[in-house]
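Letter by letter, the chains look like this.
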Amino acid sequence: MQLSIIIVNYNVKHFLEQCLFSVFKALKNIDAEVIVVDNNSVDGSISLIKDKFPQVNLIANLSNTGFAVANNQGIKIAKGKYILLLNPDTVVQEDTFEKTIAFMEAHPDAGGLGIKMLDGKGNFLPESKRGLPTPAVAFYKIFGLAKLFPGSKKFGQYHLTFLDKNENHQVDILSGAFMLMRKEALDKVGLLDETFFMYGEDIDLSYRITQGGYKNYYFADSSIIHYKGESTKKSSVNYVIVFYKAMAIFAQKHFSQNHARTFSFLIYFAIYLRAAAAITARFVKQWFFPAIDFILILLGLYICKNVYEINFKLFPNFYSQETINFFFPVYTLVWMFFVYLSGGYDVPLRLTKIVRGVLAGTAFILIVYSLLPEYYRFSRALILIGAAYTLLIYLISRLIYHLAKIKKFKIGGYKTNARIAIIGSELEFNRVNDLLKKTNIQSEFIGFISNENNGLKNKNYIGHFRQINEAIDVHQLNEIIFCARDISSREIIDKMITLVTKGVEFKIAPPESLSIIGSNSIDTAGDLYVIDINNVGRPENRRKKRLLDITVSFAMILFFWVLIWFQKNKLNFIANAFYVLVGVYSWVGYGKNPRKDLPSIRPSILTPADILGTTSSEDQTNKAFLNYAKDYKVENDLKILFSQFKNLGK
């Protein structure tokens with residue numbers, strides 16, 4: 001056998017589908033096998049492989065063993081002369097394998113080969129070619145000298161930026177996203193070091209290949225798309241720590257003691273520096289705007305109070321300052337909390353959710369206010385004035401953020417200004433267009449660009465495949481979706497490279513798939529358009545479910561002296577109410593045993609299957625769970641709660 005392709009997958013089903021489709025298209029003339037090692041995914045990846053790619057040799061792990069262990073599992077059963085480690089978030093050209101194997105055959109000294117990689121926008125990825133990360137090279141990268149002087153042979157060693165990306169070169173380090181190796185080289189130098197979990201193992205193995213007397217090459221005569229949809233984000237503290245510690249392990253393993261100490265010092269300095277930057281960036285990203293909201297609302301409440309005192313109470317400081325100083329921050333937090341529960345901080349921004357949250361928060365404050373002792377009930381008017389002011393602040397600030405083009409505060413639907421062209425046959429255009437209509441995408445324009453000569457009768461037809469450049473300019477397109485059934489991976493990648501200066505975004509629609517995949521950022525696993533199913537795991541549904549749990553639990557605890565007499569197990573009833581209140585359990589879910597095949601939610605007291613009775617079959621139970629998970633409604637929880645009221649202490 002000529003080639004064994006090993007793909008390690010973890011919860012990237014849609015990317016894996018697109019990857020496998022491109023892989024099998026590229027294997028038509030090659031004696032090869034494809035091995036997928038799944039690290040206990042819960043997103044339906046295994047079902048996808050079994051249903052759509054039965055020719056795959058599947059290894060389904062029961063835990064996430066890590067990149068190195070999983071790849072070694074595949075290598076140990078591989079039969080090919082060449083072993084390719086391939087990421088699931090990649091798309092290969094139809095001639096990629098033929099060309100790379102031909103290069104390896106022509107260069108018997110080659111132990112490993114990497115390839116030219118592009119991101120989802122068609123930009124070259126510098127990690128396609130790398131030098132050995134010695135202490136000096138690491139120093140130049142950590143302190144930004146590599147970025148300042150990319151053409152320098154001294155400072156540009158990390159990504160070998162002084163080498164032409166469009167020419168083949170001998171390099172030190174290969175990327176684990178596409179790592180083609182000679183099996184005999186692996187037999188000589190060993191498999192991936194399982195000390196590494198997620199990062200650094202490709203550097204270690206690349207180095208050992210060169211130490212074994214072989215050469216590593218960067219191959220520029222073919223290219224692949226690498227979406228970089230990593231499960232750990234590069235901006236996260238976890239990524240910084242794991243990645244740089246992997247570098248420290250590499251140094252201790254391969255460098256002399258003095259060099260290893262120097263390298264370790266640099267590494268741990270970088271960890272603290274980058275971790276601090278990551279924490280700061282994350283704090284700013286997550287809490288900056290809520291902090292601004294809190295300050296504006298709280299200050300406004302004091303201003304409203306002063307104006308109200310002077311104009312209606314006729315003298316200042318009418319209200320107790322101690323009372324005001326306690327209640328105003330509480331009111332502010334309550335309004336913000338209900339706006340959050342309502343989805344007012346979600347992306348995309350919906351002003352109706354903010355209005356709903358402020359109104360719900362106001363109702364809650366008024367209800368609690370009415371239950372307070374007379375001494376603390378200082379003014380309903382201030383609550384209503386404060387609510388109006390809070391709503392006004394939210395609306396004005398969001399409008400300002402929207403006009404300032406802050407992405408997360410864009411008012412309206414996702415990509416409301418999307419002007420999309422779908423490229424492929426008329427049949428695929430109709431399928432993909434229909435899929436877009438079922439997602440949460442709102443577009444101003446959808447055009448059809450045909451790769452055939454018979455699309456003229458379609459009312460959405462705007463041109464032929466060879467006229468993409470003109471179509472982008474004339475119709476002001478900002479997004480292109482390639483139909484992979486009709487357009488080859490090579491044509492897609494070539495177009496991405498030539499159109500990269502146009503500023504358009506690219507996506508690929510695999511055949512017979514319910515997903516459309518692209519990528520905009522290293523911090524995301526790519527832009528993904530899928531049919532908008534209202535599953536229980538969505539953030540807004542999690543909030544609704546949690547709010548219902550809290551409300552019901554409060555009611556159970558307040559009126560337990562009445563409700564307890566209707567319960568079969570009275571002590572468990574009270575205990576369950578507290579467990580649900582603090583978030584250990586939910587009232588309704590999949591039961592106390594987790595279901596990895598369904599969206600993750602808290603363990604629960606009751607389940608949808610309880611309504612079916614004790615005689616229900618396993619298939620009926622699974623169907624009830626599936627229906628509950630894929631289309632969540634608060635009413636469903638209430639229905640189960642009322643029907644199983646006597647069993648709340650189970």
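Along every chain, residues carry numbers that run from 1 in the direction the sequence is written. Per-residue local features of the predicted model are confined to residues with pLDDT of at least 70, and side-chain atom pairs are confined, for both listing and counting, to 80 or more; whole-chain, interface and lining totals are unaffected and use all residues. Only heavy atoms go into the side-chain values, all of them from the structure, while hydrogens and water stay out.

Now for the overall build of the protein chain. Looking only at helices and strands, one finds 21 helices and 18 strands in the protein chain. For the protein chain, the proportion of its 650 residues judged to be buried stands at 49%. Contacts between residues were defined by any pair of non-hydrogen atoms, one from each residue, lying within 4.5 Å. Taking the intrachain contacts of the protein chain between residues at least 6 apart in sequence as the baseline, contacts between residues at least 24 apart amount to 72%. Surface accessibility of the protein chain: about 30700 Å² in total, with carbon and sulfur atoms responsible for 60%. Each helix is a run of H or I in the DSSP string that is no shorter than four residues. Each strand is a run of E no shorter than two, and both are numbered from the N terminus. Think of it in three bands: with a 1.4 Å probe and only protein chains considered, a residue is buried below 20% of the maximum accessible area for its type, exposed above 50%, and partly exposed in between. For the area figures, the Shrake-Rupley method with a 1.4 Å probe applies, and any residue is considered shielded solely by the protein chains shown.

Running from N to C, helix H17 (residues 539-558) and helix H21 (residues 634-643) cross one another at 35°; their axes reach a closest spacing of 10 Å. Read as a crossing pair, H17 and H21 show a hand that is right-handed. Across the interface between the two elements, Lys544, Lys545, Leu548 and Val552 from H17 touch Val634, Asp637, Leu638 and Leu641 from H21. Here the residues of the contact of H17 with H21 are counted per class, giving five nonpolar, no polar and three charged. The axes are straight lines fitted to the C-alpha atoms, using for helices just the contacting stretch, and the angles between their N-to-C directions are given from 0 to 180°. Note on convention: near helix rotated counterclockwise from far helix by under a right angle means a left-handed crossing. Clockwise means right-handed. In this classification, Asp, Glu, Lys and Arg are treated as charged, Ala, Val, Leu, Ile, Met, Phe, Trp, Tyr, Cys and Pro as nonpolar, and every other residue, Gly included, as polar.

Residues enter a patch when their relative accessible area is above 30% and they make no salt bridge; the linking distance is 9 Å between like charges and 5 Å between nonpolar side chains (Val, Leu, Ile, Met, Phe, Trp, Tyr). A pairing counts as a salt bridge when a side-chain nitrogen of Lys or Arg comes within 4 Å of a carboxyl oxygen of Asp or Glu. A contiguous nonpolar surface patch, about 940 Å² in accessible area, is contributed by Phe554, Leu558, Phe559, Phe560, Trp561, Val562, Trp565 and Phe566. Secondary-structure elements contributing two or more residues to the nonpolar patch are H17 and helix H18 (560-563). Residue contributions to the nonpolar patch peak at three residues, all from H18.

This paragraph deals with the side chain of arginine 208. As for its placement among the helices and strands, arginine 208 is situated in helix H8 (residues 201-211). From its side chain, arginine 208 meets the backbone oxygen of leucine 191 in a polar contact 2.5 Å long. Polar contact is the term for a pair of N or O atoms within 3.5 Å; when the atoms are in protein, one must be able to donate a hydrogen and the other to accept it, and sequence-neighboring residues count only if both atoms are side-chain atoms.

A residue's pLDDT is the confidence the predictor assigns to it, expressed on a 0 to 100 scale. With 86% of its residues at a pLDDT of 70 or more, the protein chain shows a mean pLDDT of 83. A low-confidence stretch, residues 229-235 (pLDDT under 50), is modelled with 21 contacts involving residues beyond four sequence positions or located in other chains. Predicted confidence is poor over residues 520-526, with pLDDT under 50, and the contacts of this stretch with residues over four places away or in other chains come to 17 contacts.

Bringing the environment of lysine 99 into the picture now. Tracing the chain through its elements places lysine 99 in helix H4 (residues 96-106). Residues lysine 99 and serine 222 lie 123 residues apart in sequence; the distance between their C-alpha atoms is 7.3 Å. Not counting the four nearest positions on each side in its chain, lysine 99 is found in contact with Phe219, Asp221, Ser222 and Arg490.

Before going further, it helps to examine the packing of aromatic side chains. Each Phe, Tyr or Trp ring (for Trp, its six-membered ring) is paired with any other whose centre lies within 6.5 Å, and the angle between the two planes then decides the class: stacked below 30 degrees, edge-to-face above 60, tilted in between. Evaluation of the coordinates by the stated rule reveals 23 aromatic pairs. Note on phenylalanine 288 and phenylalanine 289: the rings are 5.2 Å apart at their centroids and 80° apart in plane angle, and the pair reads as edge-to-face. For phenylalanine 289, a relative accessible area of 14% puts it in the buried group. Ring geometry for phenylalanine 289 against tyrosine 401: centres 4.9 Å apart, planes inclined by 70°, an arrangement best described as edge-to-face. One end of the pair, phenylalanine 289, is in helix H10 (residues 257-313); the other, tyrosine 401, is in helix H13 (residues 380-403), and 112 residues separate them in sequence. Exposure remark for tyrosine 401: the relative accessible area of 11% places this residue in the buried category. Feature note: the residues Tyr302, Phe326, Phe327, Phe328, Tyr331 and Trp335 constitute an aromatic cluster, connected by ring pairs.

Here the focus is the environment of tyrosine 319. Relative to the helices and strands, tyrosine 319 resides in the loop between H10 and helix H11 (321-342). Note: C-alpha distance between tyrosine 319 and glutamate 309 (ten residues apart in sequence) is 8.1 Å.

We now examine H13. To estimate the expected span of a helix, subtract one from its residue number and multiply by 1.5 Å. The end-to-end C-alpha distance of H13, which contains 24 residues, comes to 35 Å, matching closely the 34 Å that a straight helix rising 1.5 Å per residue would cover. Along H13, the residues classified as buried are Leu382, Ile383, Gly386, Ala387, Thr390, Ile393, Tyr394, Ser397, Arg398 and Tyr401. Looking at where H13 begins, the residue whose side-chain oxygen comes 3.3 Å from the main-chain nitrogen of alanine 381 is serine 379. In the segment just after H13, lysine 405 is the residue with positive phi, at about 65°.

Grouped together as the largest cluster of nonpolar side chains are 34 residues, with contacts concentrated most on Leu3, Ile5 and Phe97. Among the secondary structure elements, those contributing two or more residues to this core are strand E1 (3-9), helix H1 (13-26), strand E2 (32-38), strand E4 (82-86), H4, strand E6 (110-118), strand E8 (178-182) and strand E9 (215-226). In terms of residues, this core owes the most to one element, H1, which gives five residues. When residues no more than four places from it in sequence are discounted, the contact partners of leucine 3 are Leu27, Ile30, Asp31, Ala32, Glu33, Gly80, Lys81, Tyr82, Leu84, Phe97, Ile101 and Leu180. By convention a nonpolar core is built from buried Ala, Val, Leu, Ile, Met, Phe, Trp, Tyr and Cys residues, the set being connected through side-chain atoms within 4.5 Å.

What follows concerns the packing of H17 against helix H19 (residues 570-581). Remark: H17 packs on H19, axes separated minimally by 8 Å, with the N-to-C direction vectors making an angle of 145°. In this structure, the crossing between H17 and H19 has a hand that is left-handed. For the pair H17 and H19, the contacting residues are Arg546, Asp549, Ile550, Ser553, Phe554, Met556 and Ile557 in the first and Phe573, Ala577, Phe578, Val580 and Leu581 in the second. Looking at the contact of H17 with H19 residue by residue, the classes come out as nine nonpolar, one polar and two charged.

Per the stated rule, a full pass over the model turns up 20 salt bridges. Ionic pairing is found between aspartate 204 and arginine 208, a salt bridge with its closest N-O pair at 3.0 Å. Residue aspartate 204 and its partner arginine 208 are located together in helix H8, separated by four residues, close to a single helical turn. Taking the relative accessible area as the measure of exposure, aspartate 204 reaches 0% and is therefore buried. For the salt bridge of arginine 431 with glutamate 428, the shortest nitrogen-to-oxygen distance reads 2.9 Å. Of the two residues, arginine 431 and glutamate 428 both sit in helix H14 (residues 426-437), three residues apart, roughly one turn of that helix. Residues joined by salt bridges that share partners form a network here, namely Asp95, Lys99, Arg490 and Asp494.

With respect to burial, E9 is a largely interior element, ten of its twelve residues being buried. Paired strands are those between which DSSP finds at least two bridges. As paired elements, strand E5 (residues 90-92) and E9 share three bridges and run antiparallel to each other. Opposite threonine 90, over in E9, you have histidine 226 as the bridge partner. Here eight bridges tie E6 to E9, and the two strands are oriented parallel to one another. For glycine 112, the partnering residue across the bridge sits in E9 and is asparagine 216. The pairing of strand E7 (residues 169-171) with E9 spans three bridges and is antiparallel. Counterpart to histidine 169 in the pairing with E9 is tyrosine 218.

This brings us to unusual backbone geometry. You will see that lysine 405, though not glycine, has its phi angle at about 65°, which is positive. Tracing the backbone shows lysine 405 in the loop between H13 and strand E10 (414-424). Even without being glycine, glutamate 512 reaches a positive phi, approximately 55°. Structurally, glutamate 512 can be placed in the loop between strand E14 (505-509) and strand E15 (515-518). Under the relative-accessibility criterion, glutamate 512 is labelled exposed at 60%.

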